[in-house]
Amino acid sequence: VKVALLHHGRGAPAVHELAASLRELQNDVTVLTPSPTALESLLERRGFTTPLTHLPVTLTNLMRGGYDVAHAFSPQDAYAALLWRRRSGRPVVLSLVEPIQRERLADARLRLRFLNTALEQCDVVIVHNDEARAAAWRWLALEPPVIELSDGAAHERLYRAQT
Amino acid sequence: VDGPIAVSVVVASHARQLRLRWLLNALEEQTFAEPWELVIVHDYDEATAERVIHRHPLPGVKAIEGTGGPGRRRNVGWRAASAELIAFIDDDCRPERDWLERLVSAARDHPGHVIQGRTRPDTFEGGVLAAPHVRTLNIEPVNSYRETCNILYPRELLERLDGFDERAITGEDVDLSLRALGAGAQISAAPDALAYHAIESFTLPGILRQNLKWRHLAYLVKRHPEMRAQFPLGIFWDEEHLLVTAAAIGLVAARRHPWLLPLAAPYVKRASRRHSPAKLPGQAVRQFAEVLGMAVGSVRHRTLLL
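Everything quoted here is computed from the prediction, not taken from an experiment.

Draft legend 1. How the structure looks around the pattern of salt bridges. Throughout the structure, instances matching the rule amount to 36 salt bridges over all chains. Across the pair Glu125(B) and Arg102(A) runs a salt bridge, and its minimum N-O distance is 2.9 Å. A residue pair is termed interchain when its members come from two chains, as with Glu125(B) in the loop between strand 6 (114-121) and strand 7 (134-135) and Arg102(A) in helix 5 (residues 102-105). The pair Glu125(B) / Arg102(A) is uniform in exposure class, with both members buried. The residue Arg19(B) makes a salt bridge to Glu125(B) at a minimum N-O spacing of 2.9 Å. You can see Arg19(B) sitting in helix 1 (residues 17-28) and its partner Glu125(B) sitting in the loop between strand 6 and strand 7, a full 106 residues away along the chain. Residue Arg19(B) shares its accessibility class with Glu125(B), and that shared class is buried. One salt-bridge network, held together by shared partners, links Arg102(A), Arg19(B), Arg94(B), Asp122(B) and Glu125(B).

Shown next, in the form of structure tokens:
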């Protein structure tokens, strides 16, 4: 499976571990981690959820990559992947890796919009531990499957089921 | 907890399933120790309602499918409720843990009164206030509008008034409270019954679309001409509408009559105090669009309100 793992740098080691695990299973994996630009702090001062400025680069990379599946690790990356899906028709997986806390669900501009869109439109939403699943149920009324982030084989099965 | 239901909380919900879920969580944490029930009137599909409402662990929830405006839904809700006290809260609010306890306590201290709680912009969402166009509520009870986002009515009063005016597209809560006052009811404050209101940001076109609904306030004012006593010159909804209208007249007329340009000064002075220079043009457009919208509403409802 040709997979794009999208993340914005936070929690990078775990994503790279997943990439390594998937590669061991002979998958073609690219980790897309575009650097945020200098505009990021301006957006943050204006109350926006960040990082955001990397999204056009993420979208461009997805368009050029010919991927079978995009796996995003934040709602804003999932948003970019969903734009890619409109063109490609390929599936988008969202991992809820950020803590799901009421205090943070709508604490910045666009955060709730990205979250709503990602939850409604992504092909699959997953979490990586039981604690996150419990929080997803309480705050998002979702019961996503739990797949350990380091479990490449389970991720591969998930991707194959979607493609 | 056994015994008669002390209070029914009524919520009308539309297109806010996540926020409704958060409200249910906040209601689940209420400290109120007596039996109470929650009545939700919503238009969610079956699967969403099952997930968000029916499987929520909060006991005593009546979920009713209902369409139409907020007045209609709230009427469906309170009529299906069992208690003599009906508390209304909006689906984009987050009550403090003791909200219901305080509201009911105030209702018992003031039998027969309408009880209005305090509403503040949600402290969890303060970052959104940096946006140039936001919508939230900041209410110190008892205020002029007595919004339904945090208020309690005796059921007997709702029955006597026949509930909300379902023809009102907006301002149905103000209308109800004015009719309550007209019927001799008293409205008391419960400042410690605190609920937080969501803070939503909008683009300029988004806030213009959002505020288009205010054109229907003309209907409200037509029904309650006594409201005009609090309006500047009796026809402007608030002072900003008066000042932005004067500024627009000044700017347009200044081409032929330059001496009219100072008409814009009061608006610029006031707006400069409230907004940064970068936000000023957007705010002016927003306020002037509101005035234009209200002019359209005035024609439709045949009464002047700007």
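Draft legend 2. Fine view of the sheet that holds strand 2 (residues 28-32) of chain A. Residues and elements named next belong to chain A. In spatial order, the strands read 2-1-3-4-5; together these five strands make up an open sheet with parallel pairing. Two strands in the sheet have a free side with no partner beyond their single neighbour: strand 2 and strand 5 (124-126). Sheet twist, expressed as the average angle between the axes of neighbouring strands with direction ignored, equals 20°. The strands touched by helix 4 (residues 75-88) within the sheet are strand 1 (2-6), strand 3 (69-72) and strand 4 (92-95), with strand 4 carrying the most contacts at an inclination of about 175°. Contacts from helix 8 (residues 152-162) reach strand 1, strand 3, strand 4 and strand 5, with the element oriented near 165° to strand 5.

Draft legend 3. Seen up close, the nonpolar core. Grouped together as the largest cluster of nonpolar side chains are 37 residues, with contacts concentrated most on Val7(B), Val9(B), Trp36(B), Leu38(B), Trp99(B) and Leu100(B). Looking at this core, the elements with two or more residues in it are strand 1 (7-13), helix 1, strand 2 (36-42), helix 2 (46-54), strand 4 (85-89), helix 4 (99-109) and strand 9 (187-197) of chain B. Among the elements that make up this core, the one with the highest residue count is helix 4 of chain B (six residues). If near-sequence neighbours (up to four positions away) are discounted, Val9(B) is found in contact with Trp36(B), Glu37(B), Leu38(B), Val39(B), Ala87(B), Ile89(B), Trp99(B) and Leu100(B). In terms of nonpolar packing, the next biggest core, distinct from the first, is built from 32 residues, Leu62(A), Ala118(A), Val125(A) and Val127(A) among them.

Draft legend 4. Representation of the interface of chain A and chain B within the structure. Taken together, the contact pairs 21 residues of chain A with 20 residues of chain B. In this assembly, chain A packs against chain B so that about 1900 Å² is buried in total across both faces, 53% of it on carbon and sulfur atoms. A salt bridge links Arg55(B) to Glu143(A); its shortest N-O distance comes to 2.9 Å. In this assembly, chain A and chain B are joined by 10 residue pairs in polar contact (both at pLDDT 80 or more). At the level of secondary structure, the elements contributing two or more residues to the side of chain A that touches chain B comprise helix 5, helix 6 (111-121) and helix 7 (130-140) of chain A. Each residue belonging to the side of chain A that touches chain B can be placed in one class, and the counts come to 11 nonpolar, two polar and eight charged.

Draft legend 5. How the structure looks around unusual backbone geometry. Residue Pro51(A) is reached from Thr50(A) by a cis peptide bond, and omega for that bond is -5°. In this structure, Pro51(A) sits in the loop between helix 2 (39-45) and helix 3 (55-65). Val142(B) follows Pro141(B) through a cis peptide bond whose omega is -5°. Along the polypeptide, Val142(B) turns up in the loop between strand 7 and strand 8 (150-154). One non-glycine residue with positive phi stands out, namely Arg302(B), at about 55°. Tracing the chain through its elements places Arg302(B) in the segment after helix 11 (280-301).

Draft legend 6. Structural view of the environment of His197(B). Residue and element names in this part refer to chain B. Relative to the helices and strands, His 197 resides in strand 9. Accessibility expressed as a relative area gives 0% for His 197, which makes it buried. Contacts of His 197, omitting those with residues within four sequence positions, involve Asp 92, Cys 93, Thr 119, Arg 120, Pro 121, Asp 122, Arg 135, Thr 136, Leu 137 and Cys 149. Within the structure, His 197 has its side chain in polar contact with the side chain of Asp 92 (distance 3.4 Å).

Quick notes on the rules
Residues numbered from 1 in each chain as written. Chains lettered and ligands numbered in written order. Predicted model: local features only at pLDDT ≥ 70, side-chain atom pairs only at ≥ 80, totals over all residues. Heavy atoms only, no water. Salt bridge = Lys/Arg side-chain N within 4 Å of Asp/Glu carboxyl O. Helix = DSSP H or I, 4+ residues; strand = E, 2+ residues; numbered from the N terminus. Buried < 20%, exposed > 50% of the residue type's maximum accessible area, 1.4 Å probe, protein only. Pairing = 2+ DSSP bridges. Axes fitted to C-alpha atoms, helices over the stretch in contact; angles between N-to-C directions. Contact = heavy atoms within 4.5 Å. Core = buried A, V, L, I, M, F, W, Y, C linked by side-chain atoms within 4.5 Å. Buried area = accessible area lost by both parts, 1.4 Å probe. Polar contact = N/O pair within 3.5 Å; in protein donor to acceptor, adjacent residues only side chain to side chain. Nonpolar A, V, L, I, M, F, W, Y, C, P; charged D, E, K, R; others polar.

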